[in-house]
Amino acid sequence: MDYRKEFPIFENGEKHYLDTAATSQKPKKVLDKVVQYYERYNGNPGRGSHELSMKASEIMDSARETVRQFINAEKTEEIIFTKSTTESINLIAYSYGMEFINEGDEILLGISNHHANIVPWQFVAKKKKAKIKYVELDDDGQFDLNDYKYKLSAKTKIVAVSGVVNVTGVIQPVKEIIEAAHRKNIPVLIDAAQSIVHFKHDVQKLDADFLVFSGHKLFAPMGIGVMYGKKELLDKMPPFLYGGDMIEFVTEQESTFAPLPNKFEGGTQNVGGAVGLKEAIDFIQAIGYDKIDKIGKELDMKALFEIKRLDFVETYCTENVERTGIIAFNVKGVHSHDVAFILDSYHVGVRSGHHCAQPLMNYIGIPSCCRASFGIYNDDEDIAKLVEGLKKVKEVFGI
């Protein structure tokens, strides 16, 4: 099946979009559902006894249940809607980190983490006088389990890692990471922003304590995210945002808070985003992860083969480690921004820069790179255009 036809953005003009790791394009089914919601059902959930308000509440409940099933959470109360992966991680850092991490404690992060899973922990460490330690990578660019197990200690109060490295596409050993931490009763946060679109996440099988992701990388609109947390942990954590709908009773001097999930959902929620997320999950499940994985791996294999034939291009991954459809590369002697600019003249969209992963860039020993990432709407023509554009880069810079 040609899934490209499901995405209206490709109907007008030549587009070879190879930046799905930054944000996915949206299928018409998702866009139509969001428009339908605003045209027919728009109301403020939980804030009225009229038809539209109650319908909006029903829609939010349905979306929450869809997410619960999607990641196999035990309870719907464990699904907290946020605006993004970044907000989800900040929620955990503020509500769990500031409450349970103290002076002398340690926070263990992957050196390949996205900034969103580093900077909030730097804030916590500074405020609580705790220490951050980083797990290094092995020779294949994989999370080094030996280094990890060595650095886990009684001082470690949380582990926070990515399911997939956003720069290189390397799939990290999440199950083993969680198991090792749990042997020492240490909770683990999994950033699934890059992984959730590629393969199934079962939080009960993983025994994940926290798992976060964004809708916009999952064929859903921007502005909707998910934070999953085990109920026993969420019950102990203080609220993150204070205000409407997260309270139980308010007096002039004191307030009590609503039960989960409302406790962490202060303010009017993004119902349209939740509608889009539900439809995007239904879209993914209709295709099936097996098909999505097959398409991604075939595109990645073909693209990597073609790129490696270009002796003026260097890549930053090995074929000895399992990856999703992401290829990090540089044209030798040319800045990544210049490469991306020339590729854009061929209607090829790739990301350039440090990819919100400067510690990883420093670890690899490069200031920046280009990244081509694939979705179910990509095909062989996209790869051919990428290669054509790279040859133009060589010509322009006289390499």
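Residues numbered from 1 in each chain as written. Predicted model: local features only at pLDDT ≥ 70, side-chain atom pairs only at ≥ 80, totals over all residues. Heavy atoms only, no water.

S.K.: Requested: an account of the sheet that holds strand S3 (residues 106-110), with residues and values cited.
M.R.: In space, the seven strands of this open sheet follow the order S2-S8-S7-S6-S5-S3-S4, with mixed pairing throughout. At either margin of the open sheet sits one strand with a lone partner, and together these are strand S2 (79-82) and strand S4 (131-135). In this sheet, neighbouring strand axes are inclined to one another by 20° on average, regardless of whether the strands run parallel or antiparallel. Of the strand pairs in this sheet, S3 and S4 are connected by five bridges, and their pairing is parallel. Looking at S4, one finds that Glu-106 is bridged to Lys-131. (Pairing = 2+ DSSP bridges. Helix = DSSP H or I, 4+ residues; strand = E, 2+ residues; numbered from the N terminus. Axes fitted to C-alpha atoms, helices over the stretch in contact; angles between N-to-C directions.)

S.K.: Any chance you could break down empty space enclosed by the protein for me, citing the residues and the numbers?
M.R.: If you walk through the whole model with that rule in mind, you get one cavity of 30 Å³ or more. Quantified by volume, the largest cavity comes out at close to 150 Å³. As for the largest cavity, its lining consists of 15 residues, of which Thr-20, Val-197, His-198, Phe-374 and Gly-375 are closest to the centre. Residues of the lining of the largest cavity, tallied by class, amount to eight nonpolar, six polar and one charged. In this structure, the lining of the largest cavity is formed jointly by two domains, domain 1 (4-27 + 288-397) and domain 2 (29-285), each of which donates at least three residues. (1 Å grid on protein atoms, 1.4 Å probe; cavity = no way out; pocket = protein on both sides within 12 Å on 5 of 7 lines; lining within 4 Å. Points joined across faces, edges and corners; volume = space filled by probe spheres on them. Nonpolar A, V, L, I, M, F, W, Y, C, P; charged D, E, K, R; others polar. Domains from an automatic or database assignment.)

S.K.: So, the packing of aromatic side chains: which residues are in play, and what are the values?
M.R.: Throughout the structure, instances matching the rule amount to 15 aromatic pairs. Both rings, one in Phe-10 and one in Tyr-377, keep their centres 5.2 Å apart while their planes meet at 50°; by these two values the pair is tilted. Remark: Tyr-377 occurs in the loop between strand S15 (369-373) and helix H13 (380-397) and Phe-10 occurs in the segment before strand S1 (16-17); sequence separation between them is 367 residues. Here Phe-10 matches Tyr-377 in class, with each residue buried. (Phe/Tyr/Trp six-rings, centres within 6.5 Å; stacked < 30°, edge-to-face > 60°. Buried < 20%, exposed > 50% of the residue type's maximum accessible area, 1.4 Å probe, protein only.)

S.K.: Lay out the nonpolar core in plain terms, naming residues and giving numbers.
M.R.: Ranked by size, the top nonpolar core spans 87 residues in total, and within it Tyr-148, Val-159, Phe-329, Leu-386 and Leu-390 carry the most contacts. Among the elements that make up this core, the one with the highest residue count is helix H9 (residues 271-287) (nine residues). Setting aside residues up to four positions removed in sequence, Val-159 forms contacts with Leu-108, Tyr-148, Leu-152, Ile-177, Ala-181, Ile-186, Pro-187, Val-188 and Leu-189. In this structure, Ile-101, Ile-118, Trp-121 and Ile-132 belong to the second largest nonpolar core, which totals 27 residues. (Core = buried A, V, L, I, M, F, W, Y, C linked by side-chain atoms within 4.5 Å. Contact = heavy atoms within 4.5 Å.)

S.K.: Please provide a residue-by-residue account of the UniProt feature "domain: Aminotransferase class V" (unreviewed entry) in the protein, values included.
M.R.: Here, the residues flagged by UniProt with the feature "domain: Aminotransferase class V" (unreviewed entry) are residues 16-386. Here residues 16-386 runs as 39% helix and 17% strand, with 8 Å between its end C-alpha atoms. (UniProt positions renumbered as here; feature names shortened; annotations may be inferred.)

S.K.: Mind laying out the pairing of strand S5 (residues 156-162), listing which residues take part and the relevant values?
M.R.: The buried fraction of S5 amounts to six of the seven residues, a majority that puts the element mostly inside the structure. One ladder, built from four bridges, connects S5 with strand S6 (residues 188-191); its direction is parallel. Bridge pairing links Ala-160 to Leu-189 in S6. Chirality of the crossover, the property in question, places the unit of S5, helix H6 (residues 174-182) and S6 among those that are right-handed. (Right-handed = clockwise from strand over helix to strand, strands pointing away.)

S.K.: Outline the pattern of salt bridges, supporting the account with residue identities and numerical values.
M.R.: Here the structure, examined in full by the defined rule, presents 24 salt bridges. Where Lys-28 meets Asp-32, a salt bridge forms, and the shortest distance between an N and an O atom there is 2.8 Å. One end of the pair is Lys-28 and the other is Asp-32, both in helix H1 (residues 28-40) and four residues apart, which spans about a single turn. The network of salt bridges with common partners includes Glu-14, Lys-385 and Glu-388. (Salt bridge = Lys/Arg side-chain N within 4 Å of Asp/Glu carboxyl O.)

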